[in-house]
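Each chain, written out:
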Amino acid sequence: MARTLESLVFKPVQELAVDCKILPERYIHKCIDEAFHVDPPVIDIPVIDLNLIQPPSPSADQVLEKLRTSLSSCGCVQVIGHGISNSLLDQMHSVGKDFFALPLEEKLKCSKTAQDIEGYGNASAHSDEIHNWSDLLNLTISPEDQRKFQFWPQNPKIFSETLQEYTDKLVLLNKVVLKALPRSLNLKESCFLDQYGENANMFARFNYYPPCPRPDLTLGVKEHADGSVITFLLQDNEAGGLQILKDDHWFTVPTVPGALLINVGDQAEIMSNGIFKSPLHRVVTNSERERLTVAVFSNPDPSRYVEPAEDLISEKSPRLYKKVHNYLRIYFESFQQGMTGIEAAKI
Ligand SMILES: O=C(O)CCC(=O)C(=O)O
Ligand SMILES: [Fe+2]
């Protein structure tokens, strides 16, 4: 089917940004209690070297302790020693930026319609809410037989092979991290992965934020928590913008060249019975630079039940979350009813 601009529900933000002097109403946050362009303090997020957690040793325990503290206070951690070379990280940025730099007709070949989750488009296409100042490209990357290649860009030529290489590395990294999380809680290392099942999947989102004429009025991505178990975020070292809510205050998340930011998603909060915090986060815009990030969401088989690890539950620390399956459905349905998914999962 030939795709045209009309098949997109809204005009790409990138097109709008070309000669936008006055921000359209649908991007403006009216009840702002703070100007989004005033940078909040930078939060100190620990950087962890994953090479140091194997084999088990007292120094590995120290690293795991740092991991646990970080995930239970701010809900994220920066990781190095993740097995992904700097050149592959750079190449992921380049193919993302090169895709968004293509003429619109070329990008429209991968466009999503209102019914699709995958493809090129923007996030709030089906709601009458305030829109994000960003465009995106959503792709299932793993398992391979769930990929929808009609949405994969043919251009730039190395897009698919780069994403394939990145996926191979992330599949391994995902296992390493999902074993480290329960270990840091003194649980059996397979405890979270056992809840993943056969049809676990990974979903990539390329987020593209064009420069914005009024960073004080709008957001690149509205405040949200991720519905995943964990999210691997490749930040943009040239343009920050991610903020995280901790103790009711917004903080700027620093970028660390070569590191990946791991965010706790709602399902890791459930599995850890609330010890790990799925943080609210948002993205502010800037008027000078484009920004490109790649978020990869790691999710269990939707038919498998996810629940707090039995060994974390005691009289002193009662179970806080229900046993849920297909949490992403709960997450999106709750969102449409103006609730958060995690509220719906709480007992
Ligand atoms: O672009 C970013 O820094 C964060 C994006 C994000 O939160 C998401 O895609 O869920
Ligand atoms: Fe997010």
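Quick look at the structure, then. (Residues numbered from 1 in each chain as written. Chains lettered and ligands numbered in written order. Predicted model: local features only at pLDDT ≥ 70, side-chain atom pairs only at ≥ 80, totals over all residues. Heavy atoms only, no water.)

### Some thoughts on the layout of surface pockets
Then comes step 1: Of the volumes computed, that of the second largest pocket is approximately 400 Å³.
Then comes step 2: The wall of the second largest pocket is formed by 19 residues, among which Glu269, Lys277, Ser278, Pro279 and Leu280 lie closest to the centre.
Then comes step 3: Of all the secondary structure elements, the ones that give two or more residues to the lining of the second largest pocket are strand E8 (242-246), helix H6 (266-271) and helix H8 (341-345).
Then comes step 4: For the lining of the second largest pocket, a count of residues per class yields 8 nonpolar, 4 polar and 7 charged. (1 Å grid on protein atoms, 1.4 Å probe; cavity = no way out; pocket = protein on both sides within 12 Å on 5 of 7 lines; lining within 4 Å. Points joined across faces, edges and corners; volume = space filled by probe spheres on them. Helix = DSSP H or I, 4+ residues; strand = E, 2+ residues; numbered from the N terminus. Nonpolar A, V, L, I, M, F, W, Y, C, P; charged D, E, K, R; others polar.)

### Points about the sheet that holds strand E12 (residues 291-299)
Then comes step 1: Spatial ordering of the open sheet is given by E1-E2-E10-E7-E12-E5-E4-E3, a layout of 8 strands whose pairing is mixed. Looking at the sheet topology across the chains shown, the edges are occupied by strand E1 (47-49) and strand E3 (119-121). The sheet shows a mean angle of 25° between the axes of neighbouring strands, taken without regard to direction.
Then comes step 2: Set on the sheet, helix H3 (residues 86-100) makes contact with E3, strand E4 (135-142), strand E5 (201-209), strand E7 (230-234), strand E10 (260-264) and E12; between it and E12 the angle comes to about 110°.
Then comes step 3: On top of the sheet, helix H5 (residues 159-184) reaches E4, E5, E7, E10 and E12; it is set at about 135° to E7, its chief contact. (Pairing = 2+ DSSP bridges. Axes fitted to C-alpha atoms, helices over the stretch in contact; angles between N-to-C directions. Contact = heavy atoms within 4.5 Å.)

### Details of empty space enclosed by the protein
Then comes step 1: Throughout the structure, instances matching the rule amount to 3 cavities of 30 Å³ or more.
Then comes step 2: One number sums up the size of the second largest cavity: a volume of about 40 Å³.
Then comes step 3: Every residue along the wall of the second largest cavity is listed here: Tyr209, Pro210, Val284, Thr285, Asn286, Arg289 and Arg291.
Then comes step 4: Considering only residue class, the lining of the second largest cavity consists of 3 nonpolar, 2 polar and 2 charged.

### What about the pattern of salt bridges?
Then comes step 1: Under the counting rule described, the total for this entry stands at 12 salt bridges.
Then comes step 2: One salt bridge connects Glu106 with Lys109, and the closest N-O pair in it is separated by 2.9 Å.
Then comes step 3: A salt bridge links Glu343 to Lys346; its shortest N-O distance comes to 3.6 Å. (Salt bridge = Lys/Arg side-chain N within 4 Å of Asp/Glu carboxyl O.)

### Thoughts on the coordination of the iron ion (ligand 2)
Then comes step 1: Protein ligation of the iron ion (ligand 2) involves His224 (NE2), Asp226 (OD) and His281 (NE2), the donor distances falling in the range 2.1 to 2.2 Å.
Then comes step 2: Within one chain, the residues donating to the iron ion (ligand 2) are spaced in sequence as H-x1-D-x54-H. Of the two residues, His224 is situated in strand E6 (residues 219-224) and His281 in strand E11 (residues 281-284); the sequence distance between them amounts to 57 residues. (Donors = N, O, S within 2.8 Å, 3.2 Å for Na, K, Ca; no water.)

### Remarks on the site of ligand 1
Then comes step 1: Lining the immediate environment of ligand 1, one finds 13 residues, of which Tyr209, His224, His281, Arg291 and Thr293 sit closest.
Then comes step 2: Thr293 has a polar side-chain atom sitting 2.7 Å from an oxygen atom of ligand 1.
Then comes step 3: About the coverage of ligand 1: the protein hides 98% of its 300 Å² of free accessible area.
Then comes step 4: With 4 residues, the top contributor of residues to the shell around ligand 1 is E12.
Then comes step 5: Residue composition of the shell around ligand 1, grouped by class: 6 nonpolar, 4 polar and 3 charged. (Near = heavy atom within 4 Å. Polar contact = N/O pair within 3.5 Å; in protein donor to acceptor, adjacent residues only side chain to side chain. Areas by Shrake-Rupley, 256 points an atom, 1.4 Å probe, with all protein chains shown as cover.)

### Looking at the nonpolar core
Then comes step 1: Of all hydrophobic cores here, the largest spans 68 residues; its most connected members are Tyr166, Leu170, Leu181, Phe232, Leu260 and Val296.
Then comes step 2: For this core, the leading source of residues is H5, giving 9 residues.
Then comes step 3: For Leu181, the residues in contact, after removing those within four places along its chain, are Leu67, Leu71, Phe192, Ile230 and Phe276.
Then comes step 4: Cys74, Cys76, Phe203 and Leu242 belong to the second-largest nonpolar core, a separate cluster that totals 16 residues. (Core = buried A, V, L, I, M, F, W, Y, C linked by side-chain atoms within 4.5 Å. Buried < 20%, exposed > 50% of the residue type's maximum accessible area, 1.4 Å probe, protein only.)

### Observations concerning the environment of Ser298
Then comes step 1: Structurally, Ser298 is set in strand E12.
Then comes step 2: Setting aside residues up to four positions removed in sequence, Ser298 forms contacts with Asn174, Leu178, Tyr196, Asn201, Met202, Ser228, Val229, Ile230 and Phe232.
Then comes step 3: Of the polar contacts made by the side chain of Ser298, one reaches the side chain of Asn174; its length is 2.9 Å.

### Thoughts on the sheet that holds E8
Then comes step 1: Overall, antiparallel pairing links the 4 strands, which are arranged E6-E11-E8-E9 in an open sheet. Each of the sheet's edge strands pairs with one partner strand only, and the pair in question is E6 and strand E9 (249-252). On average, adjacent strands in this sheet sit at an angle of 25° to one another, irrespective of strand direction.
Then comes step 2: As judged from the 4 bridges shared by E8 and E9, these two strands associate in the antiparallel manner. What sits directly across from Ile244, in E9, is Phe251.

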